[in-house]
Amino acid sequence: MNGAAGLPMTIPRPLPRDGDTFHEECGVFGIFGHNDAAAHTALGLHALQHRGQEAAGIVSFDGAQFHSERGLGHVGDIFSDQRVIDRLKGDLAIGHNRYATTGDTILRNVQPLFAEFSFGGFAIAHNGNLTNSSILRRRLVARGCIFQSTSDTEVIIHLMAISPQFDMVDRLIDALRQVDGAYSLVVSSNDVMVGVRDPLGVRPLVIGTLDGATILASETCALDIIGAKFVRDVAPGEIVVVDRQVTRSLRPFPPAQHRFCVFEYIYFARPDSISEGTSVYDARKRIGQELAKESHVAADVIVPVPDSGVPAAMGYAEQAGIPFEYGIIRNHYVGRTFIEPAEQIRHLGVKLKHNPNRAAVAGRRVILVDDSIVRGTTSVKIVEMIRAAGAREVHMRIASPPTTNSCFYGVDTPEREKLLAARHDVEAMRAYIGVDTVAFISIDGLYRAMGLPGRNNGKLYCDACFTGDYPIPLTDRDGGTAGAQLSLLAEGL
Ligand code: AMP
């Protein structure tokens, strides 16, 4: 029996959520109508490097042909050679930064993915994670599709390939109606660039302009680097189609409640970006202020865990009226691997990156501020360092609620069992980290910092990592038993 678009209707076995599942943090960028499209894309990706450091790629189109360069490593490593940029001809280019959580960072998974369709070439760059890609993939494979990668994004290509629609954008819409998950996409096909945000708008995507060219990017910091002007955010559920003549906006999906990822403000986005009208830096400072209002303790000095804890620590220090000091110095030149001396150095991993600044902490009562605790490993080592540097008391203040649940929408978090807060209450976490006190901002405090009266008072973010309230079905994880998935497929008919 076949379902929508001829897909077999048998429900496949659920895939285990183990090291073989794929979820990615990523940055996307696209520019259309600029003679130096590839060079601008490389710069945009460089500004988005924090969203993914494993691999990067650019696909350009010169009016007749597509050109592609993809590699493992940082943007600067892959695109610093002028000859590489020169090969990426054309005034249309899209790019992608990838961070994969699995060991499978192989070149064929590096985006933009590219495919030849009956309508021409097609390139796609995806930030987010599809939550029913394993199930769709099994159905597609059963139907004879041959996958070239293990990336969740490739299901979109195959769904487009078997779509009964003719036009590229219609095929894309047809495919997206069948996927669950979080996605901000930048795609290009012959002389068309398209930007898409999933109906809930979990991941960011902004539109900019430069010398008459149109730009799509994950964050505004990628517009700043090339001197482009911010135009607006792509709206949740919106498809922006940019061609040579005109930019069109389509809204093909049923309206849904907007659920932007609050962790973008806490950790993921760059502080100099403006997401959904809010400065990430301001949001982080306000979270720090709110944290101080909720859980201040007597201390001499506020010390951020660099770099992610810095704005929240500034807000905390301002609110508490206590000096902010660089009590931990971060080495920004950490390479990938070092040969460890034969006699192993305790905590070398963290020491390569962080060193306590005795002058700021010795003999003092220190409040350490970090954005989040995931496994707790960083906190344990940092606290040990600060104590060894002579701090009299060490208190930890965390600018997010306890991370109790994994993210399935594109932020790399470990399995639930590995999250410290999933297995420990606050007192057990305090003992584990080895601090005098630890406190997390409350979920309502976080919403207050975002300018709202509290949670459940109007606007909601995606805060599933703190609340377990997953706004998009976790179809793969739940084994595809959700009827919603089948009905979505039926809708695609
Ligand atoms: P952990 O040592 O596992 O508790 O990690 C906590 C540290 O990792 C914090 O200092 C955060 O700044 C950082 N962090 C939080 N979320 C992520 C993430 N998704 N990817 C990489 N680092 C993260």
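Residues numbered from 1 in each chain as written. Predicted model: local features only at pLDDT ≥ 70, side-chain atom pairs only at ≥ 80, totals over all residues. Heavy atoms only, no water.

### Section: the packing of helix α5 (residues 154-161) against helix α6 (residues 168-176)
This is how the line gets drawn: The convention used is that axes are lines fitted to C-alpha atoms, helices contributing only their stretch in contact, and that angles between N-to-C directions extend from 0 to 180 degrees. Each helix is a run of H or I in the DSSP string that is no shorter than four residues. Each strand is a run of E no shorter than two, and both are numbered from the N terminus. Angles below 35 degrees are treated as roughly parallel, those above 145 as roughly antiparallel, those between 65 and 115 as roughly perpendicular, and all remaining angles as oblique. For any pair of crossing helices, the crossing counts as left-handed if the nearer helix is rotated counterclockwise from the farther one by less than a right angle, and right-handed if it is rotated clockwise. The contact rule is simple, with two residues in contact once any of their heavy atoms fall within 4.5 Å. Under the scheme applied, nonpolar residues are Ala, Val, Leu, Ile, Met, Phe, Trp, Tyr, Cys and Pro; charged residues are Asp, Glu, Lys and Arg; polar residues are all the others, including Gly.
Two elements in contact, α5 and α6, have axes separated by 8 Å at closest approach and are oriented at 120°. Judged by the angle between their axes, α5 and α6 are oblique. Considering only the axes of α5 and α6, their crossing is right-handed. For the pair α5 and α6, the contacting residues are Ile 156, Leu 159, Met 160 and Ala 161 in the first and Met 168, Arg 171, Leu 172, Ala 175 and Leu 176 in the second. Partitioned by chemical class, the residues of the contact of α5 with α6 number eight nonpolar, no polar and one charged.

### Some points on the nonpolar core
Where we set the bar: Put simply, buried Ala, Val, Leu, Ile, Met, Phe, Trp, Tyr and Cys residues joined by side-chain atoms within 4.5 Å make one nonpolar core. Burial classes: relative accessible area under 20% of the type maximum marks a residue as buried, over 50% as exposed, and values in between as partly exposed (1.4 Å probe, protein chains only).
In this structure, Ile 302, Tyr 409 and Tyr 461 are the most contacted members of the largest nonpolar core, which totals 46 residues. Counting only elements with at least two residues in this core, the list comes to α8 (263-268), α9 (280-295), α10 (310-320), β19 (365-370), α16 (443-449) and α17 (464-467). Looking at this core, the element that brings in the most residues is α9, giving five residues. Not counting the four nearest positions on each side in its chain, Tyr 409 is found in contact with Gly 128, Asn 129, Thr 131, Ala 182, Val 202, Arg 203, Cys 462, Tyr 470, Pro 471, Ile 472 and Leu 474.

### Observations concerning the site of the ligand
As a reminder of what qualifies: We call a residue near a given molecule or strand whenever any one of its heavy atoms falls within 4 Å of it. Identification of polar contacts relies on pairs of N or O atoms within 3.5 Å, with a donor-acceptor requirement for protein atoms, meaning one able to donate a hydrogen and the other able to accept it, and with residues adjacent in sequence counted only if both atoms are side-chain atoms. Accessibility throughout is a Shrake-Rupley quantity obtained with a 1.4 Å probe, and a residue counts as covered only by protein chains that appear here.
In the neighbourhood of the ligand, 15 residues make up the surrounding shell, with Asp 370, Asp 371, Arg 375, Gly 376 and Thr 378 lying closest. The contact in question runs from an oxygen atom of the ligand to an N or O atom on the side chain of Asp 371, over 2.5 Å. Relative to its free-state accessible area of 510 Å², the ligand is covered by the protein chains to the extent of 83%. Secondary structure elements with two or more residues in the shell around the ligand: α8 and α13 (377-388). Here the residues of the shell around the ligand are counted per class, giving five nonpolar, five polar and five charged.

### Some points on the sheet that holds strand β16 (residues 301-304)
To be explicit about the condition: At least two DSSP bridges between two strands are required for those strands to pair.
Across the sheet, which stays open at both edges, the four strands sit in the order β16-β19-β20-β21 with parallel pairing between neighbours. Every other strand in the sheet has two partners, leaving β16 and β21 (437-440) as the edge strands with one partner each. Going across the sheet, the axis of each strand differs from the next one's by a mean of 20°, ignoring polarity. Where β19 lies against strand β20 (residues 393-398), six bridges are found, and the strand directions are parallel. By the bridge assignment for β20, Arg 365 is matched with Glu 393. Against the sheet, α9 makes contact with β20 and β21, and its axis sits at roughly 125° relative to β21, the strand it touches most.

### Let's talk about the side chain of Ser 218
Mapped onto the secondary structure, Ser 218 falls in the loop between β10 (213-217) and α7 (221-224). A distance of 2.8 Å separates a polar side-chain atom of Ser 218 from the backbone nitrogen of Val 28. With sequence-adjacent residues up to four places away left out, Ser 218 is seen in contact with Cys 26, Gly 27, Val 28, Leu 48, Arg 51, Asn 127, Pro 204 and Leu 205.

### Notes on the pattern of salt bridges
The cut-off we apply is this: By salt bridge we mean one thing: a side-chain nitrogen of Lys or Arg within 4 Å of a carboxyl oxygen of Asp or Glu.
Taken as a whole and judged by the stated rule, the model has 23 salt bridges. One salt bridge connects Arg 51 with Glu 219, and the closest N-O pair in it is separated by 2.7 Å. Here the residue Arg 51 occupies a position in the loop between α1 (37-47) and β2 (55-61), and Glu 219 occupies one in the loop between β10 and α7, the gap between them amounting to 168 residues. Grouping residues by exposure puts Arg 51 and Glu 219 together as buried. In this structure, Asp 91 and Arg 244 form a salt bridge, with 2.9 Å as the shortest nitrogen-oxygen distance. Taken as a pair, Asp 91 in the loop between α3 (82-87) and β4 (92-100) and Arg 244 in the loop between β12 (239-243) and β13 (247-250) lie far apart in primary sequence, 153 residues in all.

### Examining the side chain of Ser 279
Mapped onto the secondary structure, Ser 279 falls in strand β15 (residues 278-279). Excluding its chain neighbours within four sequence positions, the residues that come into contact with Ser 279 are Pro 271, Ser 273 and Ile 274.

### Digging into the pairing of strand β7 (residues 181-189)
Extensive coverage of β7 is indicated by the burial of nine of its nine residues. Burial along β7 is two-sided: the residues Gly 181, Tyr 183, Leu 185, Val 187 and Ser 189 and Ala 182, Ser 184, Val 186 and Ser 188 are all buried. Bridge count between strand β6 (residues 120-130) and β7: nine bridges; the pairing is antiparallel. Paired with Ile 124 across the strands is Val 187, a residue of β7. Pairing between β7 and strand β8 (residues 192-197): six bridges, direction antiparallel. Residue pairing in the sheet places Val 187 in a bridge with Val 194 of β8. Adjacent in sequence and paired antiparallel, β7 and β8 are bridged by two residues, among which Asp 191 carries a positive phi angle near 60°.

### With respect to the domain arrangement of the protein chain
How big an interface is tends to be stated in terms of the accessible area lost upon association of its parts. Here is the rule we go by: Note that the domain bounds were set by an automatic or database domain assignment. Summed over both partners, the accessible area lost on bringing two parts together, with a 1.4 Å probe, is the buried area.
For the protein chain, the assigned domains read domain 1 (27-259) and domain 2 (283-330 + 346-455). The gap between the C-alpha centroids of domain 1 and domain 2 is 35 Å. The interface is formed by nine residues belonging to domain 1 together with seven residues belonging to domain 2. For the pairing of domain 1 and domain 2, the buried interface totals around 550 Å² over both sides, and the portion due to carbon and sulfur atoms is 54%.

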